[in-house]
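Single-letter residue listing:
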Amino acid sequence: MKVTVLLENATPSSRFTAKHGLSLFLETGDRRILFDMGPDASFLDNARALGIDIASADTAVISHGHADHGGGLAAYFAVTDSALSPAPVYIRERAFEGHVSGVGERQHEIGLDPALASSGRIVPTGELRVLGDGLVLFSPSGGAHAAPASNRTLFARQQDGALAPDTFAHEQSLLVHEGDRYLLVSGCSHTGILNIMARAEMLAGAPLDAVVAGFHLMAPSAGTVCDEASIRLLARELSCLKTRFYTFHCTGLAAYSLLRDELGDQISYLYTGCSVEV
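**Student:** Talk me through the packing of helix H5 (residues 228-239) against helix H6 (residues 253-263); I want residue IDs and the actual numbers.
**Tutor:** The geometry of H5 relative to H6 is characterised by a closest axis approach of 9 Å and an angle of 40 degrees between their N-to-C directions. Taken together, the axis directions place H5 and H6 in an arrangement best described as oblique. Between H5 and H6 the crossing geometry is right-handed. Residues Glu228, Ile231, Arg232, Leu234, Ala235, Arg236, Leu238 and Ser239 of H5 touch H6, and the partners they reach there are Ala255, Leu258, Leu259, Asp261, Glu262 and Leu263. The residue inventory of the contact of H5 with H6, partitioned by class, reads eight nonpolar, one polar and five charged.

And the structure:
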């Protein structure tokens, strides 16, 4: 599978725009998948700079209902609605509900535009959706491992307008079966990367060969990073596996440097504009 980062928090090149968010272009077999769309239209500009025709995607996925992953949805519709076969956009049923980040003066709305939920191109998904050609969208249901501590400043708006801790029932990940290999793609892994990997391996019936994911080890609204002990513990658990890891965005460079200390070449950071064969 070829992974091209259309948008991520950082880039070493002046050719691309980097913003807090994520957008990936995945190529596997005959399938072309747009996975997340960043906070705005910037991913489209970067795709053009990379020579990628965004309308060539046959499938689009939004990993969860936060604007840094789906804020570019309206722009995506605008440039692809006139295509001969515009890609469906797979998104969890509750992704268009209200979502809020931060506490006190830092608290702000981070949800998707609910007006877009009525688009005929939106395909609501449940806990499991088989897309064919070795592609499966899924969501973990619970898990033995703790969710990231940075979730503590993330909330879901209830029907009465009140806020409650987000359970991330709106999150989904992508399992790719390519030849004899199994690959996992996850946006922010709010339900915990180890829980998501466990569910993916259960579905695959085999260990994962590669994981392309954010680990949500930083909380930008609070300006904090997960404590070093927790990051090193995660790294040690990952190092026991034969899986190759590629990370970005919500992992954060500070946490990545600690993961790299433990994992070495088993983990790499993907920046805006880079491509890698996974």
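**Student:** I'd like a description of the packing of helix H4 (residues 193-204) against H5, backed by residues and values.
**Tutor:** Viewed as axis vectors pointing N to C, H4 and H5 meet at an angle of 20 degrees, and their least axial separation amounts to 11 Å. Overall, the two elements H4 and H5 adopt an arrangement that is roughly parallel. As H4 runs across H5, the sense of the crossing is left-handed. Touching Ile193, Leu194 and Met197 of H4 are Leu234, Glu237 and Leu238, all from H5. Of the residues in the contact of H4 with H5, the class split is five nonpolar, no polar and one charged.

**Student:** Lay out the nonpolar core with the relevant residues and their values.
**Tutor:** Within the largest apolar cluster, 29 residues are counted, with the highest numbers of intra-cluster contacts made by Leu184, Ile193, Phe215 and Leu259. Those elements giving two or more residues to this core turn out to be strand S10 (135-138), strand S14 (181-186), H4, strand S15 (210-213), H5, H6 and strand S19 (267-269). Broken down by element, the residue count for this core peaks at six residues, all from H4. Setting aside its immediate chain neighbours within four residues, Ile193 contacts Leu184, Val211, Ala213, Phe215 and Leu234.

**Student:** Outline the sheet that holds strand S18 (residues 244-247), listing residues and values.
**Tutor:** Pairing in this open sheet of seven strands is mixed, and the strands run S9-S10-S13-S14-S15-S18-S19 from one edge to the other. Where the open sheet ends on each side, the last strands, each with one partner, are strand S9 (128-132) and S19. In this sheet, adjacent strand axes meet at a mean angle of 15 degrees when their direction is disregarded. Where S15 and S18 come together, three bridges link them in parallel fashion. Among the inter-strand pairings, Val211 is bridged to a residue of S18, identified as Phe245.

Calculation rules
- Residues numbered from 1 in each chain as written.
- Predicted model: local features only at pLDDT ≥ 70, side-chain atom pairs only at ≥ 80, totals over all residues.
- Heavy atoms only, no water.
- Axes fitted to C-alpha atoms, helices over the stretch in contact; angles between N-to-C directions.
- Helix = DSSP H or I, 4+ residues; strand = E, 2+ residues; numbered from the N terminus.
- Parallel < 35°, antiparallel > 145°, perpendicular 65-115°, else oblique.
- Left-handed = near helix turned anticlockwise from the far one by under 90°.
- Contact = heavy atoms within 4.5 Å.
- Nonpolar A, V, L, I, M, F, W, Y, C, P; charged D, E, K, R; others polar.
- Core = buried A, V, L, I, M, F, W, Y, C linked by side-chain atoms within 4.5 Å.
- Buried < 20%, exposed > 50% of the residue type's maximum accessible area, 1.4 Å probe, protein only.
- Pairing = 2+ DSSP bridges.

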